[in-house]
Structures are given as C-alpha cells and as structure tokens.
Amino acid sequence: MSFIRENRLFFLCFAVFAVGGAVLLEYLPQGEEIIWLSRYRSPAADVFFKGATLLGEGYIFFAVGFVFLYLRRRDWIWSSVLGLLVMLTAYGAKTWFAHDRPYAWFQKMGDWAAVTPVPGVDMHSGATSFPSGHTMAAFAIYSFLAFTVSPKRGWPLLLFAVALTVGVSRMYLVQHFWKDVYFGALIGVALAWGVYVGSGRARYGCAG
C-alpha cells in the first residue's frame, strides 16, 4: 500500500484509463476508433504520431538502460529484465491469439475505403495485432521510470501521458485496434509493477 501511495498520481491516471478503456471496449465496435481517427488526419498530426510511435520502439530500453548504467546500475539490470519480458510476452501473445492487423481486417470486411492511411506508413497485414507491442513496451518502461523517479513531482503524469500517446499513435497509424492498445497497456504496467517489486525496491521506497 505504501508503494501505491508513493505512486498515487500514476495509479490514479491508470485507474481512469483502465475504467474508461473498459467502457470503450464494451460499447465501441472494432474498427470505429480507426475510422474516427481517420476523419481527423492532418499533416501536423501525421508527423506528430509518426514520431510518437518511435517512443515505444525497443531501442527505448537501450536508451534508458544506458542512463541507468551510469546513474543506477542496479536499475539497469532490472530495466533489461523488463525489456526481455516485454519482448517474450509480446511475441508469445501475438503468436497465441493471431488476431488480424487492421489492414487485413478491413480488407476482409470490405471496409478499407473508409480508412485514410497515413502517407509514408507501411501497413502491417499479418495476424500480429493483439496485443500492441509498442504500447506494451511504452507502458512497461515509462511505468518503471515513474516508479523509480524521485522526487515524484509531475514526472509520473508526464510519463503516463507519453505512454498513452504511444498507444494512440498505434491506432492513428492504422496498426492496431483499441483492444490491442488497451490490453497492451494493462500488460505493460503489470510487467513493470512485477519487475519493480521483484527488484526489492518497493520495500525500501523509491529513493536511490
């Protein structure tokens, strides 16, 4: 409970996301989120979300690990463990569920004409949609950073916003559905929480 209190701002944001996201999952038909986002395409938004999605790439773990290597070597080890868990979990889940990517799904439904793809973005068409690996990676690493940063101040809110933006970018770029993003986020936070607690940091607070 002390761990949750210390990270109450992050978990408050996550609770709102989890509840609101579950409601969307229940009442929003699959594909509507992508069609809706397609209606609000703009050159500026295209550039923004193409850049934002890069913040969920695997190299982010290397960048964070490089910083930890010099500042907190112990956290470098655990951030590396987290990256490995994300990679294995994403690969295993995608292989197990084998859900179509939006491009393939809309093609099968005959509704691709309703979607406006972002120029310059290659459409993934395999059965690797669920869950979103970028979203899982983003919520895992930025949650872990939110748990470790001290003093807290506004960092947890900023880090949560970055992770959420990565998730939205995956739908905007027509690479994932909301369900992929939603469950990718839940799994990412769960992995970050598990690794943080497993590291022993939760017993001693967030400092150092």
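Everything in this summary refers to the structure shown in the same document.

A count of helices and strands for the protein chain gives eleven helices and zero strands. Written out in order from the N terminus, the α and β elements of the protein chain read α-α-α-α-α-α-α-α-α-α-α. In summary, the protein chain has a C-alpha radius of gyration of 17 Å against a globular reference of 17 Å for 208 residues, a match within 12%. Seen through its principal axes, the protein chain has C-alpha atoms that stretch 55 × 35 × 30 Å. Here the protein chain holds 208 residues, and 49% of them are scored as buried. Taking contacts inside the protein chain between residues at least 6 apart in sequence as the whole, the part at least 24 apart equals 85%. With an accessible surface of roughly 10,600 Å², the protein chain has 70% of that area assigned to carbon and sulfur atoms. Side-chain charges in the protein chain split into 17 positive and 11 negative, and the spacing between the mean points of these groups amounts to 13 Å.

It is worth spelling out helix α2 (residues 8-27) at this point. Between the first and last C-alpha of α2 there are 29 Å, a value that for 20 residues agrees with the 28 Å anticipated at 1.5 Å per step. Buried residues of α2: Phe10, Phe11, Cys13, Phe14, Phe17, Ala18 and Gly21, and no others. What you see down the axis of α2 is that its buried residues fit within an arc of 150°, all on one side. Structural note: α2 exposes Arg8, Leu12, Val16, Val19, Glu26 and Tyr27 on the side pointing more than 90 degrees away from its buried face.

Moving on: the pattern of salt bridges. Any two side chains of opposite charge can pair, on the condition that their charged atoms come close. Inspection of the entire model under this criterion finds two salt bridges. For Lys108, the salt bridge identified is with Asp100, shortest N-O distance 2.6 Å. Here Asp180 makes a salt bridge to Lys179, at a shortest N to O gap of 3.0 Å. Comparing Asp180 with Lys179, the two get one shared label, buried.

Moving on: the packing of aromatic side chains. If you walk through the whole model with that rule in mind, you get 29 aromatic pairs. Their ring planes at 80° and their centres at 5.8 Å tell us that Phe10 and Phe160 sit as a pair that is edge-to-face. Of the two residues, Phe10 is situated in helix α2 and Phe160 in helix α9 (residues 155-172); the sequence distance between them amounts to 150 residues. Just as Phe10 is buried, Phe160 falls in that class too. A centroid spacing of 6.2 Å and a plane angle of 25° characterise the contact between Phe14 and Phe17, whose relative ring orientation is stacked. Taken together, the residues span about one helical turn, with Phe14 and Phe17 both in helix α2 at a distance of three residues.

Residue placement: Ser199 occurs in the loop between α10 (178-198) and α11 (201-204). You can call Ser199 buried: its relative accessible area is 6%. With near-sequence residues (within four places) excluded, Ser199 lies in contact with Arg74 and Trp78.

Our next topic: a nonpolar patch on the surface. A grouping of Leu54, Leu55, Tyr59 and Phe62 is seen on the molecular surface, where their side chains present a nonpolar patch of about 430 Å² in accessible area. Residue placement: Tyr59 occurs in helix α5 (residues 59-71).

Cut-off values and rules
- Residues numbered from 1 in each chain as written.
- Predicted model: local features only at pLDDT ≥ 70, side-chain atom pairs only at ≥ 80, totals over all residues.
- Heavy atoms only, no water.
- Helix = DSSP H or I, 4+ residues; strand = E, 2+ residues; numbered from the N terminus.
- Rg over C-alpha atoms; globule rule 2.2 N^0.38 Å.
- Buried < 20%, exposed > 50% of the residue type's maximum accessible area, 1.4 Å probe, protein only.
- Contact = heavy atoms within 4.5 Å.
- Areas by Shrake-Rupley, 256 points an atom, 1.4 Å probe, with all protein chains shown as cover.
- Lys, Arg positive; Asp, Glu negative; His and termini not counted.
- Charge placed at Lys NZ, Arg CZ, Asp CG, Glu CD.
- Expected span 1.5 Å × (residues − 1).
- Arc of directions from axis to C-beta.
- Salt bridge = Lys/Arg side-chain N within 4 Å of Asp/Glu carboxyl O.
- Phe/Tyr/Trp six-rings, centres within 6.5 Å; stacked < 30°, edge-to-face > 60°.
- Patch = residues over 30% accessible without salt bridge, like charges linked within 9 Å, V, L, I, M, F, W, Y side chains within 5 Å.

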